[in-house]
Amino acid sequence: MAKHGRQHIEQHISDDDAVVASAIDLVKTYGDGDARVKALDHLSVDFARGEMTAIMGPSGSGKSTLMHCMAGLDQPTSGTVMVEGLEVSSMNQRQLTRFRREQIGFIFQSFNLVPTLSAEENILLPLQIAKKPIDRAWFDKVVSVVGLQQRLSHRPSQLSGGQQQRVACARAIMARPSVIFADEPTGNLDSRTSREVLGFLKNSVHEYGQTIVMVTHDPRAASYADRVLVLADGRITQDLRHPTYQEILRVFASDDDAEDAGSGFDDADAIRNAEPAEPATAVAPSAANAPAPAEEEAGSTHKDEPSPEVTSGIDMPSLVSPKLSIPEAEPFDAHTAGNGAAA
Ligand SMILES: Nc1ncnc2c1ncn2[C@@H]1O[C@H](COP(=O)(O)OP(=O)(O)OP(=O)(O)O)[C@@H](O)[C@H]1O
């Protein structure tokens, strides 16, 4: 905060509507002495409203830490996080819980759905917890875009991985949050389902002005973004506007794994380049044009049995990404709830 003091924060608060979230001189350290790790090293960045930003970088470069600090899931050691003019980094736990409920949507690699609830109940849970009215027309639109009309009464264990992630996407966008933070949203999905999910996310940005920040290792997934940030050692080393898949690969040219990392996709560049030709419609092109994904995947079976600890969507403790450490006393947080960390 020394370099960027109160004046800098106030400047961010009064900035125009274009910036939805900012990190200002963010530092996050873990551990002490020899075990001390600087996960974020005086990092500053603004996230524009209505953009999809991908955060890339080698393992341990600070991607998740940045996202968790931005989303109010972790406290920075120093520096400031602003979202919608709110100083997230100085909030107490109660304020953080409310902030996440009201401003943030989450999509995790492990879906984090409540296993005892149906798809529809999962999608509506954050609104019900926040006691917000349900816009049925918006619900119907979101459900139709993600192709879940025929699966609303199914529980997560009766859905494929792709269908579960589409439920998680619908849940995230249903409350029209200021920002959706997505942590490796396609990490557990096959290439076709990945394209559907990414197409839906991208469409929600372009059709509805949704802001999305997505951590990914996958250059194909990142090529869907309007902007790609590359982190190394807790700093931003590249800030790319609308990079193609090839351009992203070139950035990681020294990384032997870069080619392999994207091999799960057929040709995202072709899809990416084709998308502007799609008519402006309220329905996600990739999801709408997909060959009835819900029906196609209907035969798949899944073994994610409900955790015995999770018996209610309402009064269970906060269940979050396994990487996170949330104080025990924190109230239930519907956006981050699910079965991922329950076992
Ligand atoms: N809870 C923690 N305790 C101690 N060190 C941590 C903790 N969380 C993260 N770190 C360390 O902080 C650094 C950044 O971690 P972070 O998870 O943000 O990286 P990442 O880029 O998301 O990595 P990955 O791609 O492997 O998920 C790493 O050195 C990591 O070991």
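These lines cover the structure that appears in this document, whether it is placed above or below. No experiment lies behind these values; they were computed from the predicted model shown. (Residues numbered from 1 in each chain as written. Predicted model: local features only at pLDDT ≥ 70, side-chain atom pairs only at ≥ 80, totals over all residues. Heavy atoms only, no water.)

### Looking at the sheet that holds strand 10 (residues 235-241)
- If you walk across this open sheet you meet the 6 strands as 6-7-8-3-9-10, and the pairing is mixed. At either margin of the open sheet sits one strand with a lone partner, and together these are strand 6 (104-108) and strand 10. Put simply, the sheet's adjacent strands are angled 20° from each other on average, direction ignored.
- Across 4 bridges, strand 7 (residues 179-183) lies against strand 8 (residues 212-215) in parallel orientation. Note that in strand 8 the partner of phenylalanine 181 across the bridge is valine 213.
- Sitting on the sheet, helix 3 (residues 93-103) touches strand 6 and strand 7, and the angle it makes with strand 6 is about 80°. (Pairing = 2+ DSSP bridges. Helix = DSSP H or I, 4+ residues; strand = E, 2+ residues; numbered from the N terminus. Axes fitted to C-alpha atoms, helices over the stretch in contact; angles between N-to-C directions. Contact = heavy atoms within 4.5 Å.)

### Considering unusual backbone geometry
- In this model, asparagine 112 sits at a positive phi of 55°, which is unusual for a non-glycine residue.
- With respect to the secondary-structure elements, asparagine 112 resides in the loop between strand 6 and helix 4 (119-129).
- The class for asparagine 112 is buried, based on a relative accessible area of 1%.
- In this structure, histidine 242 takes a positive phi of about 45° despite not being glycine. (Buried < 20%, exposed > 50% of the residue type's maximum accessible area, 1.4 Å probe, protein only.)

### A look at the sheet that holds strand 2 (residues 37-48)
- Read across the open sheet, the 4 strands follow the order 2-1-4-5; overall the sheet is antiparallel. Across the chains shown, the open sheet's two edge strands, defined by having one partner strand only, are strand 2 and strand 5 (86-87).
- Pairing of strand 1 (residues 19-30) with strand 4 (residues 78-83) involves 5 bridges; the strand directions are antiparallel. Bridging across to strand 4, alanine 23 finds its partner in valine 81.
- Where helix 2 (residues 63-70) meets the sheet, its contacts fall on strand 1, strand 2 and strand 4, and the angle it forms with strand 1 comes to roughly 125°.

### A closer look at the pairing of strand 4
- By the criterion of burial, strand 4 is predominantly enclosed, with 5 of the 6 residues buried.
- In terms of strand pairing, strand 4 meets strand 5 through 2 bridges, oriented antiparallel. Bridge pairing in strand 5 links valine 83 to leucine 86.
- Taken together, strand 4 and the strand that follows it, strand 5, pair antiparallel across an intervening segment of 2 residues, in which glutamate 84 is found at a positive phi of about 50°.

From the geometry alone we can't say anything about function, so treat these as descriptive.
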